[in-house]
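# Secondary and tertiary structure notes
Residues per chain, in single letters:
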Amino acid sequence: MPGLLRGVARTAVVAGTATAVSNRVSRRQQGRWAQQEYQEAPPQPAPAAPPPPAAPSADDMSGRIDQLKQLGELKAQGVLTEAEFEEQKRRILG
């Protein structure tokens, strides 16, 4: 049974890492496209600030904690830089 649990945990970490890397690549590409579009189009006035989010539920907090743990693992593995880690942490928490 511990071997099965270890295998499931390892699979979850690998899948989470793959998802995080894929999302990171997608965000970088979207950022490049957005920068190109911004350079080609005149700047638009900023929209009004959105209302503050509601208080997070317990399920939402546990999901955020899991995401933060995965980010920490990616940073420890050298996949994320300190700046990228801080940016993602701010996005998750904020």
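In this text the structure is predicted, and so the values were computed from the model without any measurement.

With that settled, consider the overall build of the chain. Per the secondary structure count, the chain includes three helices and zero strands. Secondary structure elements of the chain, listed N to C terminal, follow the sequence α-α-α. When each of the 94 residues of the chain is scored for burial, the buried share is 11%. Carbon together with sulfur atoms contributes 60% to the accessible area of the chain, which is approximately 7,700 Å² in total.

What follows is about the packing of aromatic side chains. This structure, assessed with the given rule, holds zero aromatic pairs. Sitting over the face of the ring of Phe85, Lys75 holds its NZ or CZ atom 4.8 Å from the ring centroid.

On to the UniProt feature "domain: SHOCT" (unreviewed entry) in the chain. On the UniProt side, "domain: SHOCT" (unreviewed entry) is annotated at positions that read residues 66-93 here. Between the end C-alpha atoms of residues 66-93 there is a gap of 12 Å, over a span that is 86% helix and 0% strand.

Our focus in this paragraph is the pattern of salt bridges. By the definition in use, this model includes four salt bridges. A salt bridge links Arg28 to Glu84; the nearest nitrogen and oxygen atoms lie 2.9 Å apart. In this pair, Arg28 sits in helix α1 (residues 2-40) while Glu84 sits in helix α3 (residues 82-93), placing the two residues 56 residues apart along the sequence. A residue is classified by how much of its surface remains accessible, and Glu84, at 17% relative accessible area, is buried.

Turning to the nonpolar core, a few remarks are in order. Leu71, Leu74, Leu80, Phe85 and Ile92 together form the largest nonpolar core, which totals five residues. For this core, the secondary structure elements donating two or more residues are α2 (58-77) and α3. Every residue in contact with Ile92, bar those within four places of it in the chain, is listed here: Arg64, Gln67, Leu68 and Leu71.

Helix length check: α3, at twelve residues, gives a terminal C-alpha distance of 16 Å against a target of 16 Å (1.5 Å per residue), a fit within 8%. Those residues of α3 that fall on the buried side of the exposure criterion are Glu84, Phe85, Gln88 and Ile92. Burial along α3 is one-sided: seen end-on, the buried residues are contained in an arc of 100°. Exposed and oriented more than 90 degrees from the buried face of α3 are Ala83 and Arg90.

This part is about the side chain of Gln88. Tracing the chain through its elements places Gln88 in helix α3. Not counting residues within four places of it along the chain, the set of residues in contact with Gln88 comprises Arg27 and Leu71.

This part takes up the side chain of Thr17. Inspection of the secondary structure assignment puts Thr17 in helix α1. The class of Thr17 is buried, set by a relative accessible area of 18%. If near-sequence neighbours (up to four positions away) are discounted, Thr17 is found in contact with Leu74 and Gln77.

What counts, and where the lines are drawn
Residues numbered from 1 in each chain as written. Predicted model: local features only at pLDDT ≥ 70, side-chain atom pairs only at ≥ 80, totals over all residues. Heavy atoms only, no water. Helix = DSSP H or I, 4+ residues; strand = E, 2+ residues; numbered from the N terminus. Buried < 20%, exposed > 50% of the residue type's maximum accessible area, 1.4 Å probe, protein only. Areas by Shrake-Rupley, 256 points an atom, 1.4 Å probe, with all protein chains shown as cover. Phe/Tyr/Trp six-rings, centres within 6.5 Å; stacked < 30°, edge-to-face > 60°. Lys NZ or Arg CZ within 6 Å of the ring centre and 35° of its normal. UniProt positions renumbered as here; feature names shortened; annotations may be inferred. Salt bridge = Lys/Arg side-chain N within 4 Å of Asp/Glu carboxyl O. Core = buried A, V, L, I, M, F, W, Y, C linked by side-chain atoms within 4.5 Å. Contact = heavy atoms within 4.5 Å. Expected span 1.5 Å × (residues − 1). Arc of directions from axis to C-beta.

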